[in-house]
Amino acid sequence: MSQHRFRLNPVKSYSDRMTETRSELRKLVREKLCEITGEPSAQMRWSRTAYMKDVVSRYRVRIEGWPLNDVPFKNLSDVSNLGKMELLLRGWKEGTIYFRAISDAEFRDMVADPSPWIGPVEAAGLEDADDA
């Protein structure tokens, strides 16, 4: 009879850790969006255009505290660095990144120039990429 050795807690691969962190982050962001909007079916959108239309315009909320200098605002599938993904997850968990309701004046300012909150267009990459 052959003996097999199995680790009780195998070390997860980088890819597995990225997938788990991304999944946890998406779930948390969606929960926070549903919480602030009062809409149980609210969906986060990650492309600039869809975020402005389907989140900011629809619900009059925006993300505050996104670390634009470290992580451009874009689809989480395009964030390929685990450290950056963990930075985002930690920010949402600790409350340094959060949704905030905005006034009509703040909404108009954001529509005129969203770059202070979601960065410049060139940092986002493909504008109409999927929102997965």
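The text that follows walks through the structure, step by step, so that each part is easy to find. Predicted model only: the values in this text are computed from it and were never measured. (Residues numbered from 1 in each chain as written. Predicted model: local features only at pLDDT ≥ 70, side-chain atom pairs only at ≥ 80, totals over all residues. Heavy atoms only, no water.)

Digging into the pattern of salt bridges
Phase 1 of the analysis: Under the counting rule described, the total for this entry stands at 10 salt bridges.
Phase 2 of the analysis: For R62, the salt bridge is made with E64, and the minimal N-O distance between the two is 2.6 Å. Here R62 matches E64 in class, with each residue buried.
Phase 3 of the analysis: Taking the shortest distance from any N to any O, the salt bridge between R100 and E106 comes out at 2.8 Å.
Phase 4 of the analysis: Residue classification places R100 among the partly exposed positions, given a relative accessible area of 25%.
Phase 5 of the analysis: The structure contains a network of salt bridges with shared partners spanning R62, E64, R100 and E106. (Salt bridge = Lys/Arg side-chain N within 4 Å of Asp/Glu carboxyl O. Buried < 20%, exposed > 50% of the residue type's maximum accessible area, 1.4 Å probe, protein only.)

Considering the side chain of R62
Phase 1 of the analysis: You can see R62 is positioned in strand β1 (residues 61-64).
Phase 2 of the analysis: A polar atom in the side chain of R62 sits 2.6 Å from the side chain of E64.
Phase 3 of the analysis: If we ignore the near neighbours within four places in the chain, the residues touching R62 are Y51, V56, Y98, F99, R100, I102, E106, M110 and W117. (Helix = DSSP H or I, 4+ residues; strand = E, 2+ residues; numbered from the N terminus. Polar contact = N/O pair within 3.5 Å; in protein donor to acceptor, adjacent residues only side chain to side chain. Contact = heavy atoms within 4.5 Å.)

What to know about helix α1 (residues 14-37)
Phase 1 of the analysis: Compared with the 34 Å implied by 1.5 Å per residue over 24 residues, the 34 Å span of α1 between its first and last C-alpha is a close match.
Phase 2 of the analysis: Burial in α1 covers these residues: M18, T21, R22, L25, L28, V29, L33, C34 and T37.
Phase 3 of the analysis: Looking at the buried side of α1, the elements it contacts are α2 (48-59), β1, α3 (82-94) and β2 (98-101).
Phase 4 of the analysis: The positive-phi residue at the C-terminal boundary of α1 is G38, with phi of around 75 degrees. (Expected span 1.5 Å × (residues − 1).)

Remarks on unusual backbone geometry
Phase 1 of the analysis: You will see that R60, though not glycine, has its phi angle at about 55 degrees, which is positive.
Phase 2 of the analysis: With respect to the helices and strands, R60 occurs in the loop between α2 and β1.

Some details on the pairing of β1
Phase 1 of the analysis: Across the two faces of β1 the burial is the same, with V61 and I63 and R62 and E64 all buried.
Phase 2 of the analysis: Pairing of β1 with β2, which is carried by four bridges, proceeds in the antiparallel orientation. Following the sheet pairing, R62 is matched in β2 by R100. (Pairing = 2+ DSSP bridges.)

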